[in-house]
Amino acid sequence: MKQSRTPMTAASPIPASGVPLLFLAAFGSGISMRAADPLLPLLAAEFGVPLGQASLVITVFSIAYGLAQLGFGPLGDRHRKYLVIALASCATAQLCGAAASIPLSMAWIGDVIASEQRQPVLARFLIGQILGVLATVLVGGALGLLAVALHFSRRLRLK
């Protein structure tokens, strides 16, 4: 079976926006992984379930996220990795597409960046994921605050 993966050399053209766009995809993936955590008490209260039962939302998402990575690897090998990353990032709001951004981005960087330059590029890329995880607290807290404000504004209107 012929390998379709051919590593590019340092002379290969790399889009100037390639790694910064992957940085943004990793940032979005980082946010999507932990955004529901600060909302768990609100979810439990809204649906009238214990906190442990509400946390199943995170468990199910994590399992789906991990299983999606198993499919995105072969998909990225069969089609162009960067194309799969772009399509998955666009579909993130509807599906578990963010699962493709981290492993396929690292594979794409490994394919197109010369080994001498790979470590700094990977470091800059992974900063996007780290910042996304760190921003989760801010985003999740803001969403929780907005949800609480909407909840109380509805209750005040009903009285």
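Residues numbered from 1 in each chain as written. Predicted model: local features only at pLDDT ≥ 70, side-chain atom pairs only at ≥ 80, totals over all residues. Heavy atoms only, no water.

**Regarding the overall build of the chain**
Piece 1. Scanning the chain from terminus to terminus reveals seven helices and zero strands.
Piece 2. N-terminal to C-terminal, the α/β element order of the chain is α-α-α-α-α-α-α.
Piece 3. Counting across all 159 residues of the chain, residues that qualify as buried make up 30%.
Piece 4. Residue pairs at least 24 apart in sequence account for 72% of intrachain contacts in the chain once pairs closer than 6 positions are excluded. (Helix = DSSP H or I, 4+ residues; strand = E, 2+ residues; numbered from the N terminus. Buried < 20%, exposed > 50% of the residue type's maximum accessible area, 1.4 Å probe, protein only. Contact = heavy atoms within 4.5 Å.)

**Points about helix 1 (residues 18-34)**
Piece 1. Its 17 residues place the ends of helix 1 25 Å apart at the C-alpha level, agreeing with the 24 Å of an ideal helix rising 1.5 Å per residue.
Piece 2. Within helix 1, burial applies to Gly18, Val19, Leu22, Ala25, Ala26, Ser29, Gly30 and Ile31. (Expected span 1.5 Å × (residues − 1).)

**Points about the pattern of salt bridges**
Where side chains of opposite charge bring their charged atoms close, a pairing between them can arise.
Piece 1. For the structure shown, the criterion picks out two salt bridges.
Piece 2. In this structure, the salt-bridge partner of Asp77 is Lys81, at a minimum N-O distance of 3.3 Å.
Piece 3. Of the charged contacts, one joins Asp111 and Lys81 as a salt bridge, the two residues approaching to 2.9 Å between their closest N and O atoms. In this pair, Asp111 sits in helix 6 (residues 101-112) while Lys81 sits in helix 5 (residues 81-90), placing the two residues 30 residues apart along the sequence. As far as burial versus exposure is concerned, Asp111 and Lys81 are alike and both buried.
Piece 4. Linked by salt bridges that have partners in common, Asp77, Lys81 and Asp111 make up one network. (Salt bridge = Lys/Arg side-chain N within 4 Å of Asp/Glu carboxyl O.)

**Thoughts on the nonpolar core**
Piece 1. Formed by 18 residues in total, the largest nonpolar core has its most connected members in Leu22, Phe72, Trp108, Ile109 and Phe125.
Piece 2. Of all the secondary structure elements, the ones that give two or more residues to this core are helix 1, helix 4 (56-78), helix 5, helix 6 and helix 7 (115-158).
Piece 3. With five residues, the single largest contributor to this core is helix 6. (Core = buried A, V, L, I, M, F, W, Y, C linked by side-chain atoms within 4.5 Å.)

**Observations concerning a nonpolar patch on the surface**
Piece 1. Together, Ile127, Ile130, Leu131 and Leu134 make up a nonpolar patch on the protein surface, roughly 370 Å² of accessible area in all.
Piece 2. Secondary-structure assignment places Leu134 in helix 7. (Patch = residues over 30% accessible without salt bridge, like charges linked within 9 Å, V, L, I, M, F, W, Y side chains within 5 Å. Areas by Shrake-Rupley, 256 points an atom, 1.4 Å probe, with all protein chains shown as cover.)

**Things to note about the packing of helix 1 against helix 6**
Piece 1. Where helix 1 meets helix 6, the closest approach of the two axes is 9 Å, and the angle between their N-to-C directions is 160 degrees. Here helix 1 lies roughly antiparallel to helix 6, going by the angle between them. Viewed along their axes, helix 1 and helix 6 form a crossing whose handedness is left-handed. Facing helix 1, whose interface residues are Gly18, Val19, Leu22, Ala25, Ala26 and Ser29, helix 6 presents Ser101, Ile102, Ser105, Trp108 and Ile109.
Piece 2. For the contact of helix 1 with helix 6, the residue count by class is seven nonpolar, four polar and no charged. (Axes fitted to C-alpha atoms, helices over the stretch in contact; angles between N-to-C directions. Parallel < 35°, antiparallel > 145°, perpendicular 65-115°, else oblique. Left-handed = near helix turned anticlockwise from the far one by under 90°. Nonpolar A, V, L, I, M, F, W, Y, C, P; charged D, E, K, R; others polar.)

**Remarks on the packing of helix 4 against helix 6**
Piece 1. As a packed pair, helix 4 and helix 6 sit with axes 9 Å apart at the nearest point and diverge in direction by 30 degrees. Put simply, helix 4 runs roughly parallel to helix 6. Our pair here, helix 4 against helix 6, has a crossing hand that is right-handed. Mapping the contact onto sequence places Tyr65, Gln69, Phe72, Gly73 and Gly76 in helix 4 and Ile102, Pro103 and Leu104 in helix 6.
Piece 2. Here the residues of the contact of helix 4 with helix 6 are counted per class, giving five nonpolar, three polar and no charged.

**Let's talk about the side chain of Asp111**
Piece 1. Judged by relative accessible area, Asp111 falls into the buried class, the value being 9%.
Piece 2. Separated by 2.9 Å, the side chains of Asp111 and Lys81 make a polar contact. (Polar contact = N/O pair within 3.5 Å; in protein donor to acceptor, adjacent residues only side chain to side chain.)

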